[in-house]
Amino acid sequence: MLTVSEALEKIISEVCIFAPREVDLKDALGSTLAENVVSDLNNPPFNKALMDGYAIRAEDITEGFARLKVIEEVAAGSVPSHPVQKGEATRIMTGAPLPEGADLVVPFEESTYDESTGQESAEQEIAGTVELKASKRTAGSNMMPEATVLKKGDAVLEAGTVLQFQELGSLAEIGKAKLKVYPPPEISVLATGDELVEVSVQPKAGQIRNSNETMLAAQIENAGAVANRLGIAGDVQEEIEAKIIQGLQSDILLLSGGVSAGKLDLVPAALKKCGVREVFHKVKLKPGKPIWFGVYQKDIKNGQKENKQGQKKNKKEEIKTCYVFGLPGNPVGSMICFELFVKTAIQSLMGITPPVPQTVQAKLENEYAKRGDRELYHPCSLKNESGMNSVSLIRWQGSADLQSTVKANAMAVFPAGDRIYHPGDLVDVMVWHE
Ligand code: AMP
Ligand code: MG
């Protein structure tokens, strides 16, 4: 039986990164950038006013006061037609380019325009005077010099960045209307088990609600992927196979239940029948030992398909790959296997590095007797006080006890083997919520 790290290595070596796809910027949220991006312009592209006011020369303010001739008005979107000479000011709006010669903006709040002196010429220019009281204003005030944020050719984002709203805004600024990304994978979820009923149904004797589908779909979305729910298949091999065939259209297929050693654990046989190659079955892990992982590849190169008119057309050359996980039915086993293994596969597909789950170290608060040859994941509460991580284990009844995990924000990781842990011992902790 594989250890957890051996199983992770197998997944990483089997899962191939998606081929990069060119998408419109508006469709790129949640994808991973597949190219390095540089700026196509200086940002700001000109010396830019950051306030509405008067663009002037700093040397004109003596003892916090200036009386200047207003030579024109520039709004955002237009350009000044005159440089500002000594003794002159240009009325300017936020976002407009500063005229040559001006090196600061005095806000309107610190100005008094003398209307009696103003007269607008045919070119809409102004020839009034303005008095400025700007005691603390020096060169550079309320303006941003050209290229302060970015120079043309500067690196903006690196390949491997997951695109969130701020990255999309930044890419819009530099005109990246189309970009190469690894899109989020689509993941199908199939729950198996004769005992399962929908969440909205009152279970009859012997039945339980299908909680794994809801939980796994949420974990999928939380990991930045797209969930496709296939519902419930009973413990009948043909029924499971029919749903598997549907699920193999996705990038990843998750099955829950039916992977242990029971008489009705039909999932491994059904997957084999559908042409999925087994990579491993069972891992030295608690909870989550029964996990099954395999790869389905269909070479549809040179294939032909008929269109509605009966004409044969060559299909695009491609190999369809679907990575398949048979997750344990027990909810906490399913949950842990997702966070450890499925998330690793998602991150490998999307080019996120490192793809392996991250842990932090924390001081244990409890006494704990760890037994057995499997790596153990135990629900816990992780705190950080004055820079020190501490962790306390939560009372837990094992893999069927989902309710205890609600009180947890992390999973303490205990390596395989027997050992008595004491308060103060350092343990690894997998953080649930980032
Ligand atoms: P299995 O792996 O099919 O042997 O199931 C192990 C345990 O998990 C059994 O108690 C099942 O009833 C339970 N179980 C299986 N599937 C689900 C599910 N979708 N939601 C909640 N519990 C489940
Ligand atoms: Mg079952």
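Conventions used here
- Residues numbered from 1 in each chain as written.
- Chains lettered and ligands numbered in written order.
- Predicted model: local features only at pLDDT ≥ 70, side-chain atom pairs only at ≥ 80, totals over all residues.
- Heavy atoms only, no water.
- Near = heavy atom within 4 Å.
- Polar contact = N/O pair within 3.5 Å; in protein donor to acceptor, adjacent residues only side chain to side chain.
- Areas by Shrake-Rupley, 256 points an atom, 1.4 Å probe, with all protein chains shown as cover.
- Axes fitted to C-alpha atoms, helices over the stretch in contact; angles between N-to-C directions.
- Helix = DSSP H or I, 4+ residues; strand = E, 2+ residues; numbered from the N terminus.
- Parallel < 35°, antiparallel > 145°, perpendicular 65-115°, else oblique.
- Left-handed = near helix turned anticlockwise from the far one by under 90°.
- Contact = heavy atoms within 4.5 Å.
- Nonpolar A, V, L, I, M, F, W, Y, C, P; charged D, E, K, R; others polar.
- Pairing = 2+ DSSP bridges.

A. Examining the site of ligand 1 more closely. Every one of the 16 residues lining ligand 1 counts as a neighbour, but Glu-195, Asn-210, Gly-258, Gly-329 and Asn-330 are closest to it. Asn-210 has a polar side-chain atom sitting 2.9 Å from a nitrogen atom of ligand 1. Take Asn-212: an N or O atom from its main chain is 3.2 Å from a nitrogen atom of ligand 1. The protein chains hide 78% of the 490 Å² of surface that ligand 1 would expose on its own.

B. Quick look at the packing of helix 3 (residues 211-222) against helix 6 (residues 331-349). As a packed pair, helix 3 and helix 6 sit with axes 10 Å apart at the nearest point and diverge in direction by 20 degrees. Classed by the angle they form, the pair helix 3 and helix 6 counts as roughly parallel. Between helix 3 and helix 6 the crossing geometry is right-handed. In contact with Ser-211, Asn-212, Met-215, Leu-216, Gln-219 and Ile-220 of helix 3, helix 6 contributes Pro-331, Ser-334, Met-335, Phe-338 and Glu-339. Looking at side-chain class alone, the contact of helix 3 with helix 6 contains six nonpolar, four polar and one charged residues.

C. A look at the pairing of strand 6 (residues 65-74). In the sheet, strand 6 pairs with strand 10 (residues 129-133) via five bridges, with the strands oriented antiparallel. Each bridged residue has a counterpart across the sheet, and for Lys-69 the counterpart in strand 10 is Thr-129. Pairing of strand 6 with strand 7 (residues 88-92), which is carried by five bridges, proceeds in the parallel orientation. Bridge pairing in strand 7 links Val-70 to Ala-89.

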